[in-house]
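Residue strings, one per chain:
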Amino acid sequence: MQLGLVGLGRMGFNMRERLRAAGHEVVGFDRNPDVSDATSLADLVSKLSGPRVVWVMVPAGEPTRQTVTELSGLLSAGDLVIDGGNSRFSDDTNHAALLAEKDIAYLDCGVSGGVWGKDNGYGLMVGGDAEDVERVMPIFDALRPDGPREEGFAHAGPVGAGHYAKMIHNGIEYGLMQAYAEGFELLEAAKIIEDVPGVVKAWQRGTVVRSWLLDLLVRALDSDPELDDLRGHVEDSGEGRWTVEEAINLAVPAPVISAALFARFRSRQDDSPAMRAVASLRQQFGGHAVQAAGPSSGAGSTQG
């Protein structure tokens, strides 16, 4: 197949390479001219034969909205747009409606695989009409991992379902990463454990906690056994927040995912106002020791 690909960053660039290796013709556009095959979106569209398929891999929110809006004025009836970024599922309805005015089809696709996807393949979760999904199945088959299709690809439902599925996937990812991180910290704190990286590595085969995420943690520990080359500052790209919001909207208890999200917020605080309040209250009602603010922290009050 022929495909236009907008956005050649960490994910998009590798996706283009995997698709080309599978024999597909990919015309890519990126603001970085060093990696781009076209000078503009209009130029990209002009290089494609109709009916066109354009895959968008740009940051969620306004960048995606602007790209879809511009494509709606460049593409023709019968063309198809796929949003493979991490858009919020509620944006998909608006994108689909905008394109439908020009009789342009729309699919949303949650893509998982990160920088390893070029070699390992990408897990794909797609939302949209079955006919549109089938039309670009050769592209999906080239991107997904080798093996049974159902183990790396799902037509999750109508427009929005693909990004919804990816949102929940990433919420689960938050919880899994936090559990591994807390286990690592406990091992580091325990004087009885003399080889933390060795213990974590021993979990890779035969244990119920083995996973690709664990393999990546082992890989990180191999190069930095105490992980002290990094600051413990963790951002979030939105999906965890949206997952927690959906849990609230649907009255579904999600304490692990919620706690993992809040832990990320905590990682960005050099000094937590909330925990200063807790320390103050413990001092007030029980005379418990506190640490003074400033370069040298000392104990105050008497212990109780």
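Note: the structure precedes this text.
Residues numbered from 1 in each chain as written. Predicted model: local features only at pLDDT ≥ 70, side-chain atom pairs only at ≥ 80, totals over all residues. Heavy atoms only, no water.

1. Section: helix 11 (residues 239-249)
- Looking at helix 11, one finds that the buried residues are Glu 239, Gly 240, Trp 242, Thr 243, Val 244, Glu 246 and Ala 247.
- Tucked into the core, helix 11 has its buried residues touching helix 4 (89-100), helix 8 (161-189) and helix 12 (255-267).
- In the segment just after helix 11, Ala 251 is the residue with positive phi, at about 55°. (Buried < 20%, exposed > 50% of the residue type's maximum accessible area, 1.4 Å probe, protein only. Helix = DSSP H or I, 4+ residues; strand = E, 2+ residues; numbered from the N terminus. Contact = heavy atoms within 4.5 Å.)

2. Observations regarding the nonpolar core
- Trp 55, Ile 82, Leu 107, Cys 109, Leu 124, Phe 140 and Leu 143 are the most contacted members of the largest nonpolar core, which has 28 residues in total.
- Looking at this core, the elements that each hand over two or more residues are strand 1 (2-6), helix 1 (10-21), strand 3 (53-56), strand 4 (80-83), strand 5 (105-112), strand 6 (123-127) and helix 7 (137-143).
- Not counting the four nearest positions on each side in its chain, Trp 55 is found in contact with Leu 3, Gly 4, Leu 5, Val 6, Met 15, Ile 82, Gly 84, Cys 109, Val 111, Ile 139, Phe 140 and Leu 143.
- Counting residues in hydrophobic clusters, the runner-up holds 19 residues, among them Val 27, Phe 29, Val 68 and Ala 96. (Core = buried A, V, L, I, M, F, W, Y, C linked by side-chain atoms within 4.5 Å.)

3. So, the packing of aromatic side chains
- By the definition in use, this model includes four aromatic pairs.
- Seen from their ring centres, Trp 55 and Phe 140 are 5.9 Å apart, and the 70° between their planes marks the pair as edge-to-face. With Trp 55 in strand 3 and Phe 140 in helix 7, this residue pair connects regions lying 85 residues apart in the sequence. Each of the two residues, Trp 55 as well as Phe 140, counts as buried.
- A centroid spacing of 4.8 Å and a plane angle of 70° characterise the contact between Phe 89 and Tyr 164, whose relative ring orientation is edge-to-face. Of this pair, Phe 89 sits in helix 4 while Tyr 164 sits in helix 8; the two residues are 75 residues apart in sequence, bridging distant segments of the chain.
- Tyr 164 gets classed as partly exposed once you look at its relative accessible area, which sits at 23%.
- Three or more aromatic residues joined by ring pairs make a cluster, and in this case those are Trp 55, Phe 140 and Phe 153.
- Seen from the ring of Tyr 174, Arg 264 lies directly overhead, with NZ or CZ sitting 3.6 Å from the centre. (Phe/Tyr/Trp six-rings, centres within 6.5 Å; stacked < 30°, edge-to-face > 60°. Lys NZ or Arg CZ within 6 Å of the ring centre and 35° of its normal.)

4. Notes on a nonpolar patch on the surface
- Together, Val 115, Trp 116 and Trp 212 give the surface a local cluster of nonpolar side chains, amounting to about 300 Å² of exposed area.
- If you trace the backbone, Trp 212 turns up in helix 10 (residues 212-223).
- Given the relative accessible area of 42%, Trp 212 is considered partly exposed. (Patch = residues over 30% accessible without salt bridge, like charges linked within 9 Å, V, L, I, M, F, W, Y side chains within 5 Å. Areas by Shrake-Rupley, 256 points an atom, 1.4 Å probe, with all protein chains shown as cover. Salt bridge = Lys/Arg side-chain N within 4 Å of Asp/Glu carboxyl O.)

5. Structural notes on empty space enclosed by the protein
- Applying the stated criterion to the full structure yields one cavity of 30 Å³ or more.
- Its volume calculated, the largest cavity comes out at about 30 Å³.
- As for the largest cavity, its lining consists of Gly 85, Asn 86, Ser 87, His 163, Lys 166, Met 167, Glu 239 and Trp 242.
- Mapped by element, the contributors of at least two residues to the lining of the largest cavity are helix 8 and helix 11. (1 Å grid on protein atoms, 1.4 Å probe; cavity = no way out; pocket = protein on both sides within 12 Å on 5 of 7 lines; lining within 4 Å. Points joined across faces, edges and corners; volume = space filled by probe spheres on them.)

6. Let's talk about the pairing of strand 2 (residues 25-29)
- Taken across its five residues, strand 2 has four buried, putting it largely inside the fold.
- Pairing geometry for strand 1 and strand 2, over five bridges, is parallel. Bridging from a neighbouring strand, Leu 3 pairs with Val 26 of strand 2.
- For the handedness criterion, the β-α-β arrangement of strand 1, helix 1 and strand 2 is classed as right-handed. (Pairing = 2+ DSSP bridges. Right-handed = clockwise from strand over helix to strand, strands pointing away.)

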